[in-house]
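Coordinate inspection notes
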Amino acid sequence: MSSDSETADTLLKIGLTGGIACGKTNILRRFRDLGTHTIDADKLARQVVRPGQPAHQAIVDRFGADILDSDGNVDRPRLGELIFRDESARQDLNRIVHPWILAEEDRRLADCNTAKSRLVVVDAALMIEVGTISRYDVIVVAFCPPEVQLCRLLRRDRLTREQALQRIQSQLSIYQKLTFADYVIDTSGEFSNTKEQIDHTYRELVSRL
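Let me sum up the structure you'll find in this document. (Residues numbered from 1 in each chain as written. Predicted model: local features only at pLDDT ≥ 70, side-chain atom pairs only at ≥ 80, totals over all residues. Heavy atoms only, no water.)

**Some words on unusual backbone geometry**
Short version of the rule: Helix and strand labels come from DSSP, where a helix needs a run of H or I of at least four residues and a strand needs a run of E of at least two; each type is numbered from the N terminus. Exposure classes here rest on a 1.4 Å probe applied to the protein chains alone. A residue is buried below 20% of its type maximum, exposed above 50%, and partly exposed in between.
For A21, which is not a glycine, the phi torsion comes out positive at approximately 65 degrees. As for its placement among the helices and strands, A21 is situated in the loop between β1 (12-18) and α2 (24-33). The class of A21 is buried, set by a relative accessible area of 9%.

Shown next as structure tokens:
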């Protein structure tokens, strides 16, 4: 039987990134429908900050008990308001949660059944910003123009324009992210067009195995 490290080494690890509201979730869902393994780093981030998890207490120690809701969970909107206004607070949060996210990601990579698929797509919006991009063999960037990104974010999260711009500007610009891309999927049009691009990228990735 192969060891966990040997199993992980047989996978083609695809990092999916892009700006907030650039359509990564739909791309990840389509890759999953095509049969690839998928890992959503945002879901892992929610998991590692639950009460009883190590990151939970570290967040309380750094930001105070006021950052919790009435059930003791991290109040994500409240924390978001804080970190998107304060660069040092955002960096502190990243330092707290990312080691735990990466540990859980590694565990899931080791559990991937390569008989099912040798492709695994990891959706991690901040992989460039936090320096974990080298973990992946291939980088796919979800792209849409900043004006589309802003409109989507305003509609999706019901933010003020100032709040939405704070969130967009907290990340590397989408044009800078494009310079890291092996493949680009433009999500600015109809999903049928995006789907065609995803399917084409999938075939290209399969051909690399």
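**Structural notes on the pattern of salt bridges**
Applied cut-off: The term salt bridge refers to a pairing of a side-chain nitrogen on Lys or Arg with a carboxyl oxygen on Asp or Glu at a separation within 4 Å.
Tallying each qualifying case throughout the model produces 16 salt bridges. As a salt-bridge pair, R30 and D199 come within 2.9 Å of each other at their nearest N and O atoms. With R30 in helix α2 and D199 in helix α10 (residues 191-207), the pair connects residues that are 169 residues apart, well separated along the chain. Each member of the pair, R30 as well as D199, is classed as buried. The shortest N-O distance in the salt bridge between R108 and E104 comes to 3.0 Å. With R108 and E104 both in helix α6 (residues 87-111) and 4 residues apart, the pair spans about one turn of that helix. By relative accessible area, which is 11% here, E104 ends up buried. A cluster of three or more residues bridged by salt bridges with shared partners is formed by E104, R107, R108 and D111.

**Some points on helix α8 (residues 161-169)**
Note the following rule: Whether two residues touch is decided by their heavy atoms; if any such pair falls within 4.5 Å, the residues are in contact.
Where α8 is concerned, the buried positions are Q163, A164, Q166, R167 and I168. Buried-residue contacts for α8 involve α5 (76-83) and α7 (146-157).

**Focus: the nonpolar core**
Formally: Residues enter a nonpolar core if they are buried and are Ala, Val, Leu, Ile, Met, Phe, Trp, Tyr or Cys, with the set joined through side-chain atoms within 4.5 Å.
Formed by 51 residues in total, the largest nonpolar core has its most connected members in I14, I59, F63, V97 and L205. Residue contacts for I59: discarding those within four places in its chain leaves V49, G64, I67, V74, L93, I96 and V97. Of all hydrophobic cores here, the second largest spans 7 residues; its members include I20, L150, L153 and I168.

**Examining the packing of aromatic side chains**
Our working definition: Stacked, tilted and edge-to-face are the three classes assigned to paired rings of Phe, Tyr and Trp, where Trp is represented by its six-membered ring and a pair needs centres within 6.5 Å; plane angles under 30 degrees give stacked, over 60 edge-to-face, the rest tilted. Working rule: Lys NZ or Arg CZ, within 6 Å of ring centre, within 35 degrees of ring normal, means a charge sits over the ring.
For the structure on display, the rule yields 1 aromatic pair. Aromatic side chains F143 and Y175 sit 5.7 Å apart centroid to centroid with 55 degrees between the ring planes, which places their arrangement in the tilted category. You can see F143 sitting in strand β4 (residues 138-143) and its partner Y175 sitting in helix α9 (residues 174-178), a full 32 residues away along the chain. Exposure remark for Y175: the relative accessible area of 46% places this residue in the partly exposed category. Positioned above the aromatic ring of F63, the side-chain terminus of R62 is 4.6 Å from the ring centre.

**Quick word on the pairing of β4**
Side chains on a regular strand alternate between the two faces of the sheet. The following threshold applies: At least two DSSP bridges between two strands are required for those strands to pair.
With 6 of its 6 residues buried, β4 lies for the most part within the structure. What you see with β4 is no split at all: V138, V140 and A142 on one side and I139, V141 and F143 on the other are buried throughout. Bridging between β1 and β4 involves 5 bridges; their strand directions are parallel. Looking across to β4, one finds that I14 is bridged to V138. Both β4 and strand β5 (residues 183-186) contribute to a ladder of 4 bridges, which runs parallel. Note that in β5 the partner of V141 across the bridge is V184.

**Focus on the side chain of H56**
Looking at where H56 falls in the secondary structure, it is placed in helix α4 (residues 54-63). H56 sits in the buried class, given a relative accessible area of 8%. If we skip the residues at most four places from it in the chain, H56 touches V48, V49, R50, P51, L68, G72 and V74.

**What about α4?**
Heads up, the condition is: What the arc describes is the spread of directions from the helix axis to the C-beta atoms.
Listed in full, the buried residues belonging to α4 are A55, H56, I59, V60 and F63. Taken around the axis of α4, the buried residues stretch over an arc of 140 degrees, which confines them to a single face. Looking at the buried side of α4, the elements it contacts are α3 (41-48), α5 and α6. Taken from the residues just after α4, G64 is the one with a positive phi, measuring 95 degrees.

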